Amino acid sequence: MGPIEVSIKEKMVREALLAILLDPAKVDRDTSSKISKQAKDGGADLVFIGGSVGAGYGLNDTIKGVKEGSDLPVILFPGNVDGVSPLADALLFMSLLNSSNPYWIIQAQALAAPVVRRMGIEAIPTAYLIVEPGEKSAAGWVGWVNPIPRSKPEIALAYSMAAELLGIRWVYLEAGSGAEKPVPTRTVLLVSENTSLGLIVGGGIKSPELVRERVNAGADIIVIGTHIEEGGDIASKVEEMKRETIRTEPKHL
Ligand code: 1GP
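Residues numbered from 1 in each chain as written. Predicted model: local features only at pLDDT ≥ 70, side-chain atom pairs only at ≥ 80, totals over all residues. Heavy atoms only, no water.

Points about the environment of Ser177
Convention followed: In DSSP terms, a helix is any run of H or I states spanning at least four residues, a strand is any run of E spanning at least two, and both are numbered starting from the N terminus. For this analysis, residues touch if any pair of their heavy atoms sits within 4.5 Å. Within 3.5 Å is the distance limit for a polar contact, defined as a pair of N or O atoms, with the added protein rule that one can donate a hydrogen and the other accept it, and that residues adjacent in sequence qualify only through two side-chain atoms.
With respect to the helices and strands, the residue Ser177 is situated in the loop between strand E6 (170-174) and helix H7 (185-194). Distance from Ser177 to Ser192, taken between C-alpha atoms, is 22 Å for residues 15 residues apart in sequence. Discounting residues that sit within four places of it in the chain, Ser177 has contacts with Ser137 and Thr226. Engagement of the side chain of Ser177 in a polar contact is seen with the side chain of Thr226, the distance being 3.4 Å.

Some points on the environment of Glu174
Our working rule: A 1.4 Å probe rolled over the protein chains alone gives each residue an accessible area, and that area as a share of the maximum for its type sets the label: buried under 20%, exposed over 50%, partly exposed in between.
Relative to the helices and strands, Glu174 is located in strand E6. Take Glu174: its relative accessible area is 6%, and that puts it in the buried class. Considering only alpha carbons, one finds Glu174 and Val13, 161 residues apart in sequence, at a separation of 22 Å. Excluding anything up to four places from it in sequence, Glu174 contacts Phe77, Tyr128, Leu129, Ile130, Val131, Val183, Gly202 and Gly203. A polar contact of 2.9 Å, which involves the side chain of Glu174, links it to the backbone nitrogen of Gly176.

A look at empty space enclosed by the protein
Applicable threshold: Both site types are read off a 1 Å grid over the protein atoms alone. A 1.4 Å probe that fits but cannot get out defines a cavity, while an open set with protein on both sides within 12 Å along at least five of seven lines defines a pocket; lining residues have an atom within 4 Å of a point. Grid points are joined across faces, edges and corners, and a volume is the space filled by probe spheres set on the points. Throughout this entry, Asp, Glu, Lys and Arg are counted as charged residues, while Ala, Val, Leu, Ile, Met, Phe, Trp, Tyr, Cys and Pro are counted as nonpolar. The remaining residues, Gly among them, count as polar.
Enumeration according to the criterion identifies one cavity of 30 Å³ or more in this entry. Roughly 30 Å³ of internal volume is contained in the largest cavity. The wall of the largest cavity is formed by Pro24, Ile49, Gly50, Gly51, Ala55, Leu59, Gly79 and Gly83. Of the residues belonging to the lining of the largest cavity, the class tally is four nonpolar, four polar and no charged.

Given below as structure tokens:
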């Protein structure tokens, strides 16, 4: 494990981490810097950077902007092989396990692996699972997703168990950016209780209550994108969500 992953694991015993997500296709360097500062002021823990369409161009500017605004760790959340940069602190090295196209399961990873190695960036091995209604999101459409039904948490668990047996350390349960409904708490709970994977949850989380429910179900990192992109008082938005990430009792890893 690299230093970023180690520091996340230490912190997540007592609180889930709050990650804000920036899409380089939607923000310029100056905006990234401002959001980064406000996110830090509000108590965010991490900045994720990535997107499904057109996120390669502008990636380095977004990272530079975030680093100008705060010292928050930058973790790449790549939508394809062009989502990699040595300017970031780490990257989620992801496989979209419930894709029906092998490119998104292993070919993109094979094409990116030599680049990741040469860059020397910390890679965090992550299974990416898209749950309904995520098939309607850009990630779902681009990724040829066979969505996990909301009523079948056992399928998310089966994929997560397979990931764990393959030696993967993290799972990202995704409902899709801007999803009407976030990943069901039952799904989060089942994966949390039956694997030792670090658990990232994102898509459609736009209120403190939705954060609290998923943290109580065992989430370790909560990802917020659209709610931040919509603007307003970002520091206050982050602060009210971050408050809900404190665990009622320590999590046993
Ligand atoms: C998308 O999980 C992230 O990949 C964040 O989703 O934009 O709905 O917050 P939102």
